[in-house]
Amino acid sequence: MYETWEELENSIKDCRKCKLCPTRHNIVFGEGNKQADIMFIGEGPGADEDSQGLPFVGKAGQLMNKAYQGLGIKREEVYITNIVKCRPPSNRVPEEDEARACLDYLRNQVILVKPKIIVLLGSTALKNILGKEYGITSARGKWIEQKGIHYMPTWHPAALLRDENKKIEFWKDLKEVVNKYEEIKSQNK
Ligand code: URA
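Note that the structure is predicted; figures quoted are calculated from it, not measured. (Residues numbered from 1 in each chain as written. Predicted model: local features only at pLDDT ≥ 70, side-chain atom pairs only at ≥ 80, totals over all residues. Heavy atoms only, no water.)

A. Examining the sheet that holds strand β6 (residues 149–154) more closely. Strand order in this open sheet of six strands is β1-β3-β2-β4-β6-β5, and the pairing throughout is mixed. Two strands close off the open sheet at either side, each with one partner strand: β1 (31–32) and β5 (144–146). Both strand β2 (residues 38–42) and strand β4 (residues 117–121) contribute to a ladder of four bridges, which runs parallel. Within the sheet, the bridge partner assigned to Ile41 lies in β4 and is Leu120. Sheet contacts for helix α5 (residues 123–130): β2, β4, β5 and β6; angle to β4, the most-contacted strand, approximately 130 degrees. (Pairing = 2+ DSSP bridges. Helix = DSSP H or I, 4+ residues; strand = E, 2+ residues; numbered from the N terminus. Contact = heavy atoms within 4.5 Å. Axes fitted to C-alpha atoms, helices over the stretch in contact; angles between N-to-C directions.)

Here it is as structure tokens:
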């Protein structure tokens, strides 16, 4: 584990730990407030993220931007990253060995950010962070507390683009997140 962002970012610069590296254009490390109370974890970069080197800047990202706006939080206020930092070809789900190879970077990001709330966007984030026994359909919308971090699993924004009904549940889950955030802030005053 690295104790500074500089060391961590240097350690990933030429990463060759898995088979996603030959086809990536940019490593998408993550961005946002490095002392954020809320961290969002997605699945992996898509084409836009791969070309810009930034997380959630494509279609799913535009939806996330609307969500932050609607909830009264700023994108710059939170920290955003993914399970894998390099784009899986054709946007397929990251394979187990790829996720495993990349997870130490994410664990290190969590240790450095020290978020109080982690929003798990979709099944890949849920299963890789909390365990394969969880399913997104039954876990979403329910708080899971582990080692002082409050986890909220919800739909991946790309799923909302395919299913209008999921939008309602996604909003409900994110409202829960904002309520918890307010609650935590008022306790720490
Ligand atoms: N989908 C993700 O899971 N992450 C991104 O960064 C973009 C799309």
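B. Seen up close, the site of the ligand. Taken together, Gly42, Glu43, Gly44, Glu49, Pro55, Phe56, Asn82 and His156 make up all the residues around the ligand. Contact distances for the ligand include 3.1 Å between a nitrogen atom and a backbone N or O atom of Gly44. A distance of 2.7 Å is found between an oxygen atom of the ligand and a side-chain nitrogen or oxygen belonging to His156. Here the ligand loses 92% of its free accessible area of 230 Å² to cover by the protein chains. Residues belonging to the shell around the ligand are distributed by class as follows: two nonpolar, four polar and two charged. (Near = heavy atom within 4 Å. Polar contact = N/O pair within 3.5 Å; in protein donor to acceptor, adjacent residues only side chain to side chain. Areas by Shrake-Rupley, 256 points an atom, 1.4 Å probe, with all protein chains shown as cover. Nonpolar A, V, L, I, M, F, W, Y, C, P; charged D, E, K, R; others polar.)

C. Here's a closer look at unusual backbone geometry. Located in the positive-phi region is Phe56, a residue other than glycine, with phi close to 50 degrees. What makes Phe56 buried here is its relative accessible area of 5%. (Buried < 20%, exposed > 50% of the residue type's maximum accessible area, 1.4 Å probe, protein only.)

D. Fine view of helix α8 (residues 164–187). Here α8 spans 36 Å end to end across 24 residues, near enough to the 34 Å set by a 1.5 Å rise per residue. Along α8, the residues classified as buried are Phe170, Asp173, Leu174, Val177, Val178, Lys180, Tyr181 and Ile184. Against β2, α3 (59–71), β4, β6 and α7 (157–162) lie the buried residues of α8. (Expected span 1.5 Å × (residues − 1).)

E. Looking closely at the packing of aromatic side chains. Applying the stated rule across the entire model yields three aromatic pairs. Centre to centre, the rings of Trp5 and Tyr79 are 5.6 Å apart; their planes meet at 40 degrees, and the pair counts as tilted. Of this pair, Trp5 sits in helix α1 (residues 5–12) while Tyr79 is found in strand β3 (residues 79–82), placing the two residues 74 residues apart along the sequence. You can call Tyr79 buried: its relative accessible area is 1%. (Phe/Tyr/Trp six-rings, centres within 6.5 Å; stacked < 30°, edge-to-face > 60°.)

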